[in-house]
Amino acid sequence: MKLNQQLNRWNREVMNFFFPRHCPFCGRVVGRELVCEACEKKLPFTEDQAPRAGAYGKCAAPLYYEGPVREALLQYKFHEKTGGVDYFGRLMAQCAAEVYSGCFDTITWVPVSKKRLKKRGFDQSRLLAASMCVDWHTQPVETLRKLRDNPPQSGLEGAAARRANVLGVYEAVEENVKDRRLLVVDDILTTGATLGECVRVLREAGAADVMCMTLARGRG
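Right, let's get into the overall build of the chain. When helices and strands are counted, the chain shows eight helices and 10 strands. With 220 residues in all, the chain has 43% of them scored as buried. Contacts in the chain between residues far apart in sequence, at least 24 positions, make up 72% of those at least 6 positions apart.

With that settled, consider the environment of Asn 176. Structurally, the position occupied by Asn 176 is in the loop between strand 8 (170-172) and strand 9 (181-189). Here the alpha-carbon distance between Asn 176 and Leu 144, two residues 32 residues apart in the chain, equals 9.0 Å. Within polar-contact distance, the side chain of Asn 176 engages the backbone oxygen of Glu 142 at 2.8 Å.

A separate point is the pattern of salt bridges. Two side chains that carry opposite charge are able to pair once their charged atoms sit near each other. Tallying each qualifying case throughout the model produces nine salt bridges. One salt bridge in this structure joins Asp 86 and Arg 21, with 3.3 Å as the shortest N-O distance. Of this pair, Asp 86 sits in helix 4 (residues 85-100) while Arg 21 sits in strand 1 (residues 21-22); the two residues are 65 residues apart in sequence, bridging distant segments of the chain. Arg 21 gets classed as partly exposed once you look at its relative accessible area, which sits at 25%. In this structure, the salt-bridge partner of Arg 181 is Asp 105, at a minimum N-O distance of 3.5 Å. Of this pair, Arg 181 sits in strand 9 while Asp 105 is found in the loop between helix 4 and strand 6 (106-109), placing the two residues 76 residues apart along the sequence. One salt-bridge network, held together by shared partners, links Glu 197, Arg 200 and Glu 204.

So, about the confidence of the model for the chain. Averaged over the chain, the pLDDT score is 86; the fraction of residues at 70 or greater is 83%. Of the regions scoring below 50 in pLDDT, residues 1-18 engages in seven contacts with residues more than four places distant in sequence or in other chains. In this model residues 156-166 is a low-confidence stretch, pLDDT under 50, and it forms eight contacts with partners more than four residues away in sequence or in other chains.

One finds Phe 25, Tyr 87, Phe 88, Tyr 100, Leu 183, Val 185 and Met 213 to be the most contacted residues of the largest nonpolar core, which totals 39 residues. At the level of secondary structure, the elements contributing two or more residues to this core comprise helix 3 (67-79), helix 4, strand 6, helix 6 (124-133), strand 9 and strand 10 (209-217). Broken down by element, the residue count for this core peaks at nine residues, all from helix 4. Beyond its immediate stretch of four places on either side in the chain, Phe 88 contacts Pro 24, Phe 25, Ala 72, Tyr 76, Leu 128 and Leu 215. The next biggest cluster of nonpolar side chains, apart from the first, holds 20 residues, and it includes Tyr 170, Ala 172, Leu 182 and Val 201.

The next thing to look at is the packing of helix 4 against helix 6. Each pair of packed helices can be summarised by the angle the axes make with each other and by the distance between the axes. Direction vectors running N to C along helix 4 and helix 6 enclose 65°, while the axes themselves pass 8 Å from each other. Taken together, the axes of helix 4 and helix 6 lie roughly perpendicular to each other. Between helix 4 and helix 6 the crossing geometry is right-handed. Every residue of helix 6 that contacts helix 4 at Val 85, Asp 86, Phe 88, Gly 89, Arg 90, Met 92, Ala 93 and Ala 96 is listed here: Leu 127, Leu 128, Ser 131 and Met 132. Of the residues contributing to the contact of helix 4 with helix 6, the split by class is eight nonpolar, two polar and two charged.

Moving on, we get to helix 3. The first and last C-alpha atoms of helix 3 sit 17 Å apart over 13 residues, in line with the 18 Å expected at 1.5 Å per residue. At its buried positions, helix 3 is contacted by strand 5 (63-64), helix 4, helix 5 (114-120), helix 6, strand 9 and strand 10. One or two steps after helix 3, the chain reaches Glu 80, where phi turns positive at roughly 60°.

Another aspect to go through is the side chain of Asp 187. Here Asp 187 lies in strand 9. For Asp 187, the residues in contact, after removing those within four places along its chain, are Leu 73, Lys 77, Gln 124, Ser 125, Leu 128, Thr 214, Leu 215 and Ala 216.

Two measures describe an aromatic ring pair: the distance that separates the ring centres and the angle between the ring planes. The full count for this structure, using the stated rule, is five aromatic pairs. Residues Phe 25 and Tyr 87 carry aromatic rings whose centres are separated by 6.1 Å and whose planes lie at 85° to one another, so their mutual orientation is edge-to-face. Of this pair, Phe 25 sits in the loop between strand 1 and strand 2 (29-31) while Tyr 87 sits in helix 4; the two residues are 62 residues apart in sequence, bridging distant segments of the chain. The pair formed by Phe 25 and Tyr 87 is uniform in burial state, with each residue classed as buried. Between Phe 25 and Phe 88, the ring centres sit 6.2 Å apart and the planes meet at 65°, which makes this aromatic pair edge-to-face. Note that Phe 25 is positioned in the loop between strand 1 and strand 2 and Phe 88 in helix 4, a separation of 63 residues in sequence. Exposure remark for Phe 25: the relative accessible area of 14% places this residue in the buried category. Residue classification places Phe 88 among the buried residues on the basis of a relative accessible area of 2%. Of the aromatic side chains, those joined through ring pairs into one cluster are Phe 25, Tyr 76, Tyr 87, Phe 88 and Phe 122. Over the ring of Tyr 64 we find Arg 219, and its NZ or CZ is 3.9 Å from the ring centre.

Parameters and conventions
Residues numbered from 1 in each chain as written. Predicted model: local features only at pLDDT ≥ 70, side-chain atom pairs only at ≥ 80, totals over all residues. Heavy atoms only, no water. Helix = DSSP H or I, 4+ residues; strand = E, 2+ residues; numbered from the N terminus. Buried < 20%, exposed > 50% of the residue type's maximum accessible area, 1.4 Å probe, protein only. Contact = heavy atoms within 4.5 Å. Polar contact = N/O pair within 3.5 Å; in protein donor to acceptor, adjacent residues only side chain to side chain. Salt bridge = Lys/Arg side-chain N within 4 Å of Asp/Glu carboxyl O. pLDDT = per-residue confidence, 0-100. Core = buried A, V, L, I, M, F, W, Y, C linked by side-chain atoms within 4.5 Å. Axes fitted to C-alpha atoms, helices over the stretch in contact; angles between N-to-C directions. Parallel < 35°, antiparallel > 145°, perpendicular 65-115°, else oblique. Left-handed = near helix turned anticlockwise from the far one by under 90°. Nonpolar A, V, L, I, M, F, W, Y, C, P; charged D, E, K, R; others polar. Expected span 1.5 Å × (residues − 1). Phe/Tyr/Trp six-rings, centres within 6.5 Å; stacked < 30°, edge-to-face > 60°. Lys NZ or Arg CZ within 6 Å of the ring centre and 35° of its normal.

Below, the structure written as structure tokens:
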């Protein structure tokens, strides 16, 4: 074993001793594991239904957005409970390898706005993308910037925004997009509107291909 590998192993063991891992779904201490066995057995895996097609093209997700998955994602996204990100990334990497093997050369993410980033303190999709990249010895590449938060989707204000056809929420980092085959990472697929807009912007900026990946999605 190389010295760096040995040092990394010792470092992980020390961290696990002083800061033990907790299952992101039930909170139990799991030691070296990323999730407790009981929760993993009950998780709503999409299995052979992982890919889904829509206006965004194709999106794959390893989990359904329900029950403990929904609660864990809400805790992660809005309450800074990031302890499960290693497990989330591993699930997404496995799913991407099964669904998209050989189809992409660059991993990127759906960004939050500067305002949201300042308020929240982290970009949840960027963390997921980075966690996916760990075992592949690569890093996610910034291909999009969010110019402002999305317009409201309901009520009078939302109706006015839709009538005005408000676009331009995202802009491409063109030098990182052209001729690349992109895998765009987000946390949840619901209506698909956000991913659809990101895919449109990236294709118009010259991406050779764009496919999508989320941790979870609805069953509908």
